[in-house]
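# Architecture at a glance
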Amino acid sequence: MTAIQRPKGMQDVLPDDRRYWDWIIETGTAVAQQYGFQRLDVPIIEFTPLFARGMGEASDVFVQKEMYTIEEDDGESITLRPEFTAGLVRAYIENGLTNWPQPVKLFSIGPIFRRERPQAGRYRQHSQFDVEIMGETDPAADLEVMMIAMNLYRNLGYKGLTFQLNSTGCPVCKPVYIAKLKEYLADHLDKLAAIDQERMIRNPLRVLDSKEPGMDELLANAPHIVDHLCADCESHFANLRGLLDALEQSYTINFRLVRGIDYYTKTVFEVWAEGIGAQAAVCGGGRYDGLAEAIGGPSTPGVGFGSGIERIVLGLQEQGIEPPDTPQPQVLLAHFGGATKTAAVKLTYLLRDAGIGARLAFARERRSMKSQMREANKYAIRFVLILGESEVEKGVVTIRPLDGGEQVEILQTELITWLNEQLTMNN
RNA sequence: GCGGCUGUGGUGUAGGGGUUAACACGUCUGGUUGUGGCCCAGAAGAUCGUGGGUUCAAAUCCCACCAGUCGCCCCA
């Protein structure tokens, strides 16, 4: 029998990688809070219709088969969340946040699930840092979520990021544009690959995102949505750009940036990083003024983004950026079994209660000093506290500094004071 | 769902038909009685991804499957 393995597309986050996660989550939380956002967590499972609605017919079939959906005995269909936004909007409506002072600024962190074929930077379970503003149409709200993303990456020391920006219009101007795009593509049908011909029928905007060779020129000459926005969308977009310019935040207007789902309106954006494979977007988001209504709530504008933590980690590692050191105990208690062990255990917990991190050497029987010293060395311990028979008898502890300093003997009653002095030095 | 590449101790690799599968790192033990790093000595740890086939003989060649990985599709 072979040992059971983890399911496809699921990752174990080992301590070495986990350092990055903690750092990212900590940094993201700090940035969001600095902007006045509050954390709200929603369940990992929601009723399936929450995700099915609002996505639109084009993505319906394709997207839904990539969800982890469970049909329950009582006939309810539930789904492992494939995104954050729908759940947060649901919670906003269900818990009456509609009656809080508007807008409501929220963030969340956690796993999401998509049943796709894994590749670099794309896993079936991945985690997102997610930020949303509900109940605000001001382009300054769009700016705010975008800047949270940028701030996060900057605080992490990320280099070489590009802000990709586009507007996807609204229910008024988007259909008009799609018709124009379709018309143009139909005129050049012979130049389209089979896959793009399909896309043209199913979800024409996606043709803009085509990876087929030779599409650059054809698409450059195609109608671009920013030239076909209605007055409202046009001014929203101009306004947002003006604010970005005022902050001297560089960005690229990318007319090929599209989102496949119907609920997006006006602003769409991504942040791209180099060196993490074909899935270069480290962050994707936009405005979704139609979503709340689509899931049965009051019409409420919203804007937000999700940023994949695994991809941020990949990018940081690619750039050789190290997370800050995580705190480790700086003392280890060595002993020789029997009464010395009991004394060591007691002293260990005394230190821990006093807020001093301590590692206790484990040993079922008498264990050699050498072995315990080697252990201390492996974990970058600064002081080995030795409790042997003679120390226990005298009520002292021998302190062996591992940095080459002189070995000293201290009264056990003075140990905490002594350590507090030593450990604050050089730190 | 489709395609490319890859599967040898914990990790990284060598071995590309012939008896006990090699090396490095890591792990553990020891180098006198209670003292680390470096060094030295030793040990543990691999059904060579799984199953079939070819052959006197397979880690090695062939097929299938599985897993990983990269890309396509899709991307909320």
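In every chain, residue numbers begin from 1 and rise along the written sequence. Think of it this way: whatever chain is written first is A, whatever ligand is written first is 1, and the rest follow in order. For this predicted model, a pLDDT threshold of at least 70 governs which residues receive local features, and a threshold of 80 or more governs which side-chain atom pairs are given and counted, while totals over whole chains, interfaces and linings are taken from all residues. Derived side-chain values reflect all non-hydrogen atoms in the structure, with water molecules and hydrogen atoms excluded from consideration.

Take the nonpolar core next. For soluble globular proteins, nonpolar side chains are generally found buried alongside one another. Grouped together as the largest cluster of nonpolar side chains are 67 residues, with contacts concentrated most on Phe37, Phe129, Tyr153, Phe305, Ile312 and Leu316. Broken down by element, the residue count for this core peaks at 11 residues, all from helix H5 (residues 139-156). Contacts are residue-level and defined by heavy atoms, with any inter-residue pair within 4.5 Å sufficient. Beyond its immediate sequence surroundings of up to four residues, Ile312 is in contact with Ile24, Leu152, Tyr153, Leu156, Tyr158, Val282 and Ser307. Only buried residues count toward a nonpolar core, which is a set of Ala, Val, Leu, Ile, Met, Phe, Trp, Tyr and Cys residues joined through side-chain atoms within 4.5 Å. Any residue under 20% of the maximum accessible area for its type is buried, any over 50% is exposed, and the rest in between are partly exposed; the area is computed with a 1.4 Å probe on protein chains only. Of all hydrophobic cores here, the second largest spans 20 residues; its members include Leu97, Leu106, Met134 and Ile261. Secondary structure elements are defined from DSSP: runs of H or I of at least 4 residues count as helices, runs of E of at least 2 residues count as strands, and each element is numbered from the N terminus.

Another aspect to go through is the domain arrangement of chain A. Accessible area lost when the parts come together is the quantity often used to give the size of an interface. The assigned domain composition of chain A is domain 1 (15-173 + 229-318) and domain 2 (331-424). Centre-to-centre separation of domain 1 and domain 2, based on C-alpha positions: 50 Å. Bear in mind that the domain bounds are from an automatic or database domain assignment.

With that settled, consider the packing of aromatic side chains. Pairs were defined over the aromatic rings of Phe, Tyr and Trp, the Trp ring being its six-membered one, requiring ring centres within 6.5 Å. Orientation was assigned from the angle between planes: stacked under 30 degrees, edge-to-face over 60, tilted for the rest. Scanning the entire structure with this criterion turns up eight aromatic pairs. Between the aromatic rings of Tyr263 and Tyr264, the centroid separation amounts to 5.1 Å while the plane-to-plane angle is 40°, which identifies the pairing as tilted. Given a relative accessible area of 7%, Tyr263 falls into the buried group. With a centroid separation of 5.3 Å and 70° between ring planes, the pair formed by Phe383 and Trp418 is classed as edge-to-face. Remark: Trp418 occurs in helix H15 (residues 415-424) and Phe383 occurs in strand E14 (residues 383-387); sequence separation between them is 35 residues. Look at Phe383 and you get buried, because its relative accessible area is 4%. Here the aromatic cluster, defined as three or more aromatic residues joined through ring pairs, consists of Phe107, Phe129, Phe163, Phe269 and Phe305. The side chain of Arg259 reaches across the aromatic face of Tyr264, ending 5.3 Å from its centre. Put simply, a charge is over a ring when the Lys NZ or the Arg CZ is close to the ring centre, within 6 Å, and near the line of the ring normal, within 35 degrees.

Moving on, we come to the layout of surface pockets. Note on definitions: the grid is 1 Å and covers protein atoms alone; a cavity is a set of points where a 1.4 Å probe fits but cannot get out; a pocket is an open set with protein on both sides within 12 Å along at least five of seven lines; lining residues have an atom within 4 Å of a point. Grid points are joined across faces, edges and corners, and a volume is the space filled by probe spheres set on the points. Looking at the second largest pocket, its volume works out to about 390 Å³. The wall of the second largest pocket is formed by 22 residues, among which Lys174, Ile261, Asp262, Tyr263 and Tyr264 lie closest to the centre. Of all elements in the fold, only helix H3 (57-64), helix H6 (174-187) and strand E9 (265-272) reach the threshold of two or more residues within the lining of the second largest pocket. Here the element with the most residues in the lining of the second largest pocket is H6; it accounts for three residues. For this scheme, ten residues count as nonpolar: Ala, Val, Leu, Ile, Met, Phe, Trp, Tyr, Cys and Pro. Four count as charged, namely Asp, Glu, Lys and Arg, and the remainder, Gly too, count as polar. Per-class residue counts for the lining of the second largest pocket are 10 nonpolar, five polar and seven charged.

As a further point, take the packing of H5 against helix H9 (residues 231-246). Between H5 and H9, the least distance of the axes is 9 Å, while the angle of their chain directions is 50°. Relative to H9, the element H5 lies oblique. In the crossing of H5 with H9, the sense of the turn from one axis to the other is right-handed. On H9, the residues touching Pro139, Ala140, Asp142, Leu143 and Met146 of H5 are His236, Asn239, Leu240, Leu243 and Leu244. Angles shown run from 0 to 180 degrees and are taken between the N-to-C directions of axes, each axis being a line fitted to C-alpha atoms and, for helices, limited to the stretch in contact. Each angle receives one of four descriptions, namely roughly parallel if under 35 degrees, roughly antiparallel if over 145, roughly perpendicular if within 65 to 115, and oblique otherwise. By convention, the crossing between two helices is left-handed when the near helix turns anticlockwise from the far helix through less than a right angle, and right-handed when the turn is clockwise.

With that out of the way, let us pick up unusual backbone geometry. Residue Gln102 is joined to Pro103 through a cis peptide bond whose omega torsion reads -5°. Within the secondary structure, Pro103 sits in the loop between helix H4 (85-94) and strand E5 (104-113). Despite not being glycine, Ala380 shows a phi value in the positive range, around 55°. Within the secondary structure, Ala380 is located in the loop between helix H13 (369-378) and E14.

What follows deals with the pattern of salt bridges. When their charged atoms lie close together, side chains carrying opposite charge are able to pair. Whenever Lys or Arg places a side-chain nitrogen within 4 Å of a carboxyl oxygen from Asp or Glu, that contact is recorded as a salt bridge. Applying the stated criterion across every chain yields a total of 22 salt bridges. Between Lys105 and Glu144 there is a salt bridge, with its nearest N and O atoms 2.5 Å apart. Of this pair, Lys105 sits in strand E5 while Glu144 sits in helix H5; the two residues are 39 residues apart in sequence, bridging distant segments of the chain. Accessibility expressed as a relative area gives 22% for Glu144, which makes it partly exposed. Notably, a salt bridge pairs Arg287 with Asp142, separated by 2.7 Å at the nearest N-O pair. With a gap of 145 residues between them, Arg287 in strand E10 (residues 281-287) and Asp142 in helix H5 connect regions that are remote in the sequence. Relative accessible area serves as the criterion here: at 0%, Arg287 is assigned to the buried category. Judged by relative accessible area, which is 0%, Asp142 ranks as buried. Here the residues in one salt-bridge network are Asp142, Asp232, Lys266, Arg287 and Asp289, joined through shared partners.

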